[in-house]
Amino acid sequence: MINIEPVAAPGAPLARRNPVAKVAAALVFSFTLLATLDPVAPAIAIAIELAVLPLFGIGYRVLARRALPLLLSAAGILVTLVLFAADRSGRVLLDVGPVLVSTGVLLTALGLVLRVFAVALPGVIVFATTDPTDLADALIQNAKAPARFAIGALAAFRLVPLLGQEWQMISMARRARGVDAGRNPVAKLRLFASTAFALLVGAIRRGTRLAVAMDARGFDAGTPRTVARRQRFTRADTLLITGAVVLAGAALTTSVLLGTFRPLIG
Amino acid sequence: MNSTTDTSRWRTIDIVVASVIAVAFGVIFWAWGLVWSATEGAFAFFPPAQTLLYGVWLMPAVIGGLVIRKPGAALYCETVAAVLSALLGSQWAGTVIPQGIVQGIGAELAFAAFRYRSFRLPTAMLAGALTGLSAALFDFFVWNVDYALADYRIPYALLTIVSATVIAGAGGWLLTRALANTGVLDRFPVAQDRALI
Amino acid sequence: MGEVSLRGFGWRHAGRRAWAVRGVDLRVEAGERVLLLGPSGAGKSTLLSALAGLLPEDSGEQEGVVEIDGLDPRKGRERVGIVFQDPETQLVMARCGDDVAFGLENRGVPTDEIWPRVDEALHRVGFPYPRDRNTAALSGGEQQRLALASALALRPELLLLDEPTANLDPAGADLVRQAVAGALDADTTLILVEHRVAEALPLVDRVVVLEPGGGVRADGTPEAVFAAHGAALAAEGVWVPGHPITPRPATAAPGDLLLTADRLGLPPRLGSTDLAVRAGEALAVRGPNGAGKSTLALLLGGLLRPGTGRVTASAELAGADHRTPPHRWRAPALARRIGSVFQDPEHQFVTSTVFDELALGPRRTGQPEAAVKETVAGLLERLRLARLAAANPYTLSGGEARRLSVATALATAPRLLICDEPTFGQDRRTWQELVDLFADLRDAGHGVVAVTHDADFVAALADRTVTLHRAGDGDR
Ligand SMILES: Nc1ncnc2c1ncn2[C@@H]1O[C@H](COP(=O)(O)OP(=O)(O)OP(=O)(O)O)[C@@H](O)[C@H]1O
Ligand SMILES: Nc1ncnc2c1ncn2[C@@H]1O[C@H](COP(=O)(O)OP(=O)(O)OP(=O)(O)O)[C@@H](O)[C@H]1O
Ligand SMILES: [Mg+2]
Ligand SMILES: [Mg+2]
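Residues numbered from 1 in each chain as written. Chains lettered and ligands numbered in written order. Predicted model: local features only at pLDDT ≥ 70, side-chain atom pairs only at ≥ 80, totals over all residues. Heavy atoms only, no water.

### Observations regarding the overall build of chain B
Along chain B, the regular secondary structure elements total nine helices and zero strands. Mapped from its N terminus to its C terminus, chain B presents α and β elements in the order α-α-α-α-α-α-α-α-α. Relative to its 197 residues, chain B shows a buried fraction of 61%. Of the contacts made within chain B by residues no fewer than 6 positions apart, 71% connect residues no fewer than 24 positions apart. For chain B, the accessible surface area stands at approximately 7400 Å², while carbon and sulfur atoms represent 70% of it. (Helix = DSSP H or I, 4+ residues; strand = E, 2+ residues; numbered from the N terminus. Buried < 20%, exposed > 50% of the residue type's maximum accessible area, 1.4 Å probe, protein only. Contact = heavy atoms within 4.5 Å. Areas by Shrake-Rupley, 256 points an atom, 1.4 Å probe, with all protein chains shown as cover.)

Structure, rendered in C-alpha cells:
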C-alpha cells in the first residue's frame, strides 16, 4: 500500500527541524555534489550522510529499504556504461563485441554509482522524516509560498492512499461484471490502460468534489487566512542549511586537494 | 465565488484538479510497478523502454496545461508530480523537484507562446516537444555526461524528445479529450466544446 | 439570523433536460428545525447545495431567487455549515484536528482561539480519538461525526445535513442524532434531509415535502402534515410513520447448498467466519460498523482472495468448476454465477451511461444483443431509471445510483446475489420494490445474501440472520 507518512522517530534532533530548512539543506547538499564526476567526493558525502542518519531518527534498515530502487538504477548505470562509456581508457579486462570493460570504465562506473547514491540519499532522508502537512505549513509560513496552492496540493496528497485503494476497487468492480484479461499480455495491457483511465477519471471527480467541500468551508472566500499551527524558522534551521553547505564544500575541497576532482562542465 | 470573466485567476477547483491530475499519475506509476513487477527490472536495462516511460512521466505538464488553461498550469502540475514522487520515496528523491520544475517550464513556454489561447493538437505537441527538450537537456548535462556522445547521449536526447512529443504531447491531447467526454471536466473550458447529451 | 427564503427557485444541472428542483417557494425563520422530505431524485440534495452556495454558475441554470438573510448564498457562505450525503468527499486534511481547524483558518480565526474551538467541536459530537488521528483510518460513522464537528466548529447560523446517518449502524446513528440535538444552539436553523422519518422526528418541528415535478407538496408541523397527507405521501414513497410495509417471507423451504464459507477470514479486516447459503433462501448479515461485513461480501463474491479458511461453491452453483474456489474463476463465469452489489455504488460503475452500465454484464457473459436490450429495458422500467438511460452514472442522485448498482448485478441473472447495503438512501416505494425484487428472485430459487443495517429490510425479507462482531468485541 502507498504510504506518505514519515517513518522517522519524530523527536530526533534533525527530524524536528523546519521542513523548509530540511528540504533546502538536502537540495543544496545534492546540487553541490552534482558538480563533480569523481568517486572521492561522493564517497565522502555518503559517509557524512550515513553519519548524520541517527540525528534524523532513521534506522539503517529503514533507509536501506527506502533506497532499494537505487540499487536497480546502479545496475542500470553499470550495464549502460559497459556498452556506451565515453572514456574507455585503462587496462582492458573484457572485450566481446560491443561490450568493453576496462579499468577506466570501471572507475567511471564507480564514480557514477556513488554519485547517484550521494545525490539521492539526502532527499530520501529528508522526505522520510517530513510530514506533508508540516511541509505545506512551512512552505506557506516560512517560504512565502501562496497558501491556496500549497493547501490545494496538500489536499490532493491526502488522496494518494485512497487512490491506491480505489485501484483495487476498480479492478474488483470489473471482475464482478465479467471483465478480465486472463493470461493474455495484450489484454492485460489493455485492462491496465482502461483501469488507469478509470482511476484518472475517478481522481478528477474526487478533486471536483473536494474543491466544493473546501469552498463550503470558506476556502478562498477572500478573508485573510490564519494558521492553526505555527512553523518556526529558528537559528538551528539556519545552522542546518549552513552545515549542509559547509559539509558538501568540504567533500569537494578534499577531492580537489587529492587531485581527483572532475568538474561536470569543462 | 470569483467571476468567470477573470480568466487568469485560478479557482479552487483549478488548483485542486491540477494537483489531483499530478497525484493520479504518481499512483498510476505505482500501480504499474504492482501489475508488472516481474518485468520492471527489465526496463532498467532497456533504454528505449525507459524513454517510453519518460513520455508518460511528462504527461501531467501537458494535460495540466490543456485542462486548466491558465498561466502556470503546466509548470504547477509537473512540479507537484515531482514533489509527490519525492515524498513517495522515488529513487531520485529530492533531485526530481528541480528536474520537474525544468520540465514544467518547457511545456509552459509552449502554451505561453500562444498566449494561452490555443489548446489544439499542434500546440499540445509543441508543449510535449519542449518538455522533452528541457528534460533531455537536464539529463544531457547532469546525468549522462560520462556516456559516449554519438552512441548514447545524442540518441537518448532525441528519443526523449520524440517520446515526449508523441506520448506526452499527442497522447496528452487525446487523453484530455477522452476525459472531457466522460463529463468530469464539465466545469472546465475543455468540456465546453463538447456536445450536450 | 439564518433565515432562508426561496422564491420560485429552480435548478437544472448542466447537460440535463429535466430540472432537478423547480418552483420552490419556502421561508424558514431563524431557529426553525425543518425536515426536508421527498422521493428519491426529488432534488433534496440539490436544494441543500443551493442553500450552501455550492452550485457554481457554470454548472447549471438557475431560476428564481434563493437568499440567506437576504444575501446570495454564494456570498454569505460563512453563515452556513453543510454535511454532505457522502462524508468521505468532504474531509480535506490528513489529520482529524487539522480538518476541523481548516474552516477556522479560512475564516481568519486567531491562532490561539483555533485549538480550543476544535476541541470543543470534537467533544460536542463525541469524537473518540485524539486530534492527530489519520482521517483515512476512520470508519464511515466516525467520518460522519468528524464532518459534523468541522461544520459545527464554524458556529453556522444555518446547518444543512444530508442523510447524516445513512450507512451507520443503529448505535452509531443514535450517537450522531444525539450529537446534532446537543450541538444546536437555540437560534441555529436546521434543515435535515432524511428518508427514515420516524428517526428524524425528535430533531425537527416542521416538515416540508418536495414534489418531484416541482414545487412544495406539503408544509407544516409533522402531525399536521402526516394527518392531512399521510396515506398519499406513503403511496408516493415517503416513509410516513405508522404505515406498515408488506413483509415477504419465503414461500418454500430452502433448496440445494450453493456456497459455504469455512473459517473464512482476512485479518485484520475479518476474523474467522462460518456460513452456508442455499438456493431459495435470503440470508441477512448484520453487525456494527467495521465488523468486516463488506469484506465478507467481497470474499463470498469471489473478488478477494481469502486470508484464512476457504470459500467452496457447490456443483449446483458452479458445475465442473466447483473444485476451484470462486476467486480463481474467470470473470465471465463468475458474473454468471455470483452477482455482487458494492457498498458504495460509485465503486461499481465501469461505463459512462446508465444503459451501457446495465448492458455490460450480459454482453460479457455472451448474451445476444437483442436479449441484452430486452433485459436492460426491463430493469430500467422496473427500477424507474428509464428516463436516465443516457445519463452518466456518476451524476445520479444517491438513491438512483444505489438502484442502478443493484440492477447491474441483476442483469446477468446470477444464481447467487450478494448485496452490501442494498436499501440505504431509498424512499419507501423503491424500498418496497427492491424487497419484492429480491423476494421474487429467492422464490425463483436464487440465493440472496444481504449485508445490511436496515432492520425493516431484515424483518421483511430475511429467512436467516448472521451477526458479525467487531474484533475485540468478544466472540465471533
Ligand atoms: N451533478 C449532477 N449532474 C446532473 N444531474 C444531476 C446531478 N446531481 C443530481 N442530478 C439529478 O438531479 C435530480 C435530483 O437529484 P438530487 O441528488 O438532488 O436528488 P435527491 O432528492 O437528493 O435524491 P436521493 O434521495 O436519491 O438522494 C436527479 O434526477 C439527479 O439525477
Ligand atoms: N482496503 C482496506 N484495507 C485495510 N483495511 C480495511 C480496508 N477496508 C476496510 N478495512 C478495515 O477493515 C475493517 C472491516 O471493514 P469493512 O468495510 O468490512 O466493515 P463493515 O462491517 O462493512 O463496516 P460498515 O458497516 O461501516 O460498512 C474496518 O476496520 C476497516 O477500517
Ligand atoms: Mg440526495
Ligand atoms: Mg460495509
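Resuming the write-up.
### Looking at the site of ligand 2
All names here are of chain C. By nearness alone, every residue bordering ligand 2 is listed as Arg 269, Pro 288, Asn 289, Gly 290, Ala 291, Gly 292, Lys 293, Ser 294, Thr 295, Gln 343 and His 453. Taking Gln 343, its side chain carries an N or O atom lying 2.8 Å from an oxygen atom of ligand 2. Surface burial for ligand 2 is 66%, taken as the share of its 630 Å² of free accessible area covered by protein chains. A breakdown of the residues in the shell around ligand 2 according to their chemical character gives two nonpolar, seven polar and two charged. (Near = heavy atom within 4 Å. Polar contact = N/O pair within 3.5 Å; in protein donor to acceptor, adjacent residues only side chain to side chain. Nonpolar A, V, L, I, M, F, W, Y, C, P; charged D, E, K, R; others polar.)

### Considering the environment of Arg 133 of chain C
Residue and element names in this part refer to chain C. Checked against the element boundaries, Arg 133 lands in the loop between helix 3 (111-124) and helix 4 (140-153). Take Arg 133: its relative accessible area is 27%, and that puts it in the partly exposed class. For the pair Arg 133 and Thr 324, spaced 191 residues apart in sequence, the C-alpha separation works out to 42 Å. With residues near it in sequence (within four places) discarded, Arg 133 still touches Ala 94, Arg 95, Cys 96 and Leu 138.

### Regarding the site of ligand 1
All names here are of chain C. With respect to spatial proximity, 20 residues lie near ligand 1, and among them Ser 40, Ser 45, Thr 46, Ser 397 and Gly 399 are the closest. Residue Ser 45 places a side-chain N or O atom 2.7 Å away from an oxygen atom belonging to ligand 1. Protein chains bury 87% of the 640 Å² of accessible surface belonging to ligand 1 in isolation. For the shell around ligand 1, the secondary structure elements donating two or more residues are helix 1 (44-51) and helix 13 (398-410). Among the residues forming the shell around ligand 1, the class breakdown is three nonpolar, twelve polar and five charged. Built from parts of two domains, the shell around ligand 1 gets at least three residues from each of domain 1 (4-236) and domain 3 (350-411). (Domains from an automatic or database assignment.)

### Looking at the sheet that holds strand 4 (residues 60-68) of chain C
Residues and elements named next belong to chain C. One open sheet accounts for three strands, arranged 2-1-4; its pairing is antiparallel. Looking along the sheet, the strands with just one partner apiece sit at the ends: strand 2 (21-28) and strand 4. In this sheet, adjacent strand axes meet at a mean angle of 20 degrees when their direction is disregarded. Those strands touched by helix 1 are strand 1 (4-13), strand 2 and strand 4, and its axis lies near 120 degrees from that of strand 1. (Pairing = 2+ DSSP bridges. Axes fitted to C-alpha atoms, helices over the stretch in contact; angles between N-to-C directions.)

### A few points about the interface of chain B and chain A
On the side of chain A, 68 residues touch chain B, which itself brings 55 residues to the contact. Each partner contributes to the roughly 5700 Å² buried at the junction of chain B and chain A, and carbon and sulfur atoms together form 80% of this total. At the boundary of chain B with chain A, the tally comes to one salt bridge. The salt bridge involving Asp 220 of chain A is made with Arg 9 of chain B; its shortest N-O contact spans 2.5 Å. The tally of links from chain B across to chain A stands at four residue pairs in polar contact (both at pLDDT 80 or more). Of all the secondary-structure elements, those providing two or more residues to the side of chain B that touches chain A are helix 1 (12-35), helix 5 (73-87), helix 6 (96-113), helix 7 (121-142) and helix 8 (149-182) of chain B. At 17 residues, helix 1 of chain B tops the list of elements feeding residues into the side of chain B that touches chain A. (Buried area = accessible area lost by both parts, 1.4 Å probe. Salt bridge = Lys/Arg side-chain N within 4 Å of Asp/Glu carboxyl O.)

### So, the interface of chain A and chain C
With 42 residues of chain A at the contact, the number on the chain C side is 58 residues. Of the roughly 4500 Å² buried between chain A and chain C on both sides combined, carbon and sulfur atoms contribute 52%. When the buried area of chain A at its contact with chain C is split by residue, Arg 175, Arg 177 and Arg 217 of chain A rank highest and sum to 22% of it. Where chain A touches chain C, the interface holds nine salt bridges. Salt-bridge contacts for Arg 229 of chain A lead to Asp 98 of chain C; the nearest nitrogen and oxygen are separated by 2.2 Å. Counting across the chain A and chain C interface gives 25 residue pairs in polar contact (both at pLDDT 80 or more). Put simply, the parts of the chain that give the side of chain A that touches chain C at least two residues each are helix 6 (132-142), helix 7 (147-157), helix 8 (159-176) and helix 9 (185-216) of chain A.

### Overview of the coordination of the magnesium ion (ligand 4)
Residues and elements named next belong to chain C. The protein atoms that coordinate the magnesium ion (ligand 4) are Ser 294 (OG) and Gln 343 (OE1), at distances spanning 1.9 to 2.1 Å. Residue Ser 294 is located in helix 8 (residues 293-300), and its partner Gln 343 is located in the loop between strand 14 (338-341) and helix 11 (354-364); the two are separated by 49 residues in the primary sequence. For Ser 294, a relative accessible area of 22% gives the class partly exposed. What makes Gln 343 partly exposed here is its relative accessible area of 27%. (Donors = N, O, S within 2.8 Å, 3.2 Å for Na, K, Ca; no water.)

### Notes on the domain arrangement of chain C
Residue and element names in this part refer to chain C. What the domain assignment lists for chain C is domain 1 (4-236), domain 2 (250-337 + 414-475) and domain 3 (350-411). On a C-alpha basis, the centres of domain 2 and domain 3 stand 22 Å from each other. If you look at the interface, domain 2 gives 21 residues, while domain 3 gives eleven residues. When domain 2 packs against domain 3, close to 1400 Å² is buried across both sides, 60% of that on carbon and sulfur atoms. Between domain 2 and domain 3 we count two salt bridges in total. Across the pair Asp 440 and Arg 382 runs a salt bridge, and its minimum N-O distance is 3.4 Å. Per-element accounting of the side of domain 2 that touches domain 3 gives the leading share, nine residues, to helix 14 (residues 428-443).

### Some thoughts on the nonpolar core
Judged by nonpolar contacts, the single largest core of 135 residues is most densely connected at Leu 163 and Met 214 of chain A together with Leu 185 and Phe 188 of chain B. Broken down by element, this core gets its largest block of residues, 15 residues, from helix 5 (residues 103-128) of chain A. Phe 188 of chain B has contacts with Arg 11, Ile 13, Asp 14, Val 17, Val 67 and Ile 68 of chain B, leaving out every residue within four places of it along the chain. Judged by nonpolar contacts, the second largest core, of 88 residues, contains Ala 121, Leu 437, Val 448 and Ala 450 of chain C. (Core = buried A, V, L, I, M, F, W, Y, C linked by side-chain atoms within 4.5 Å.)

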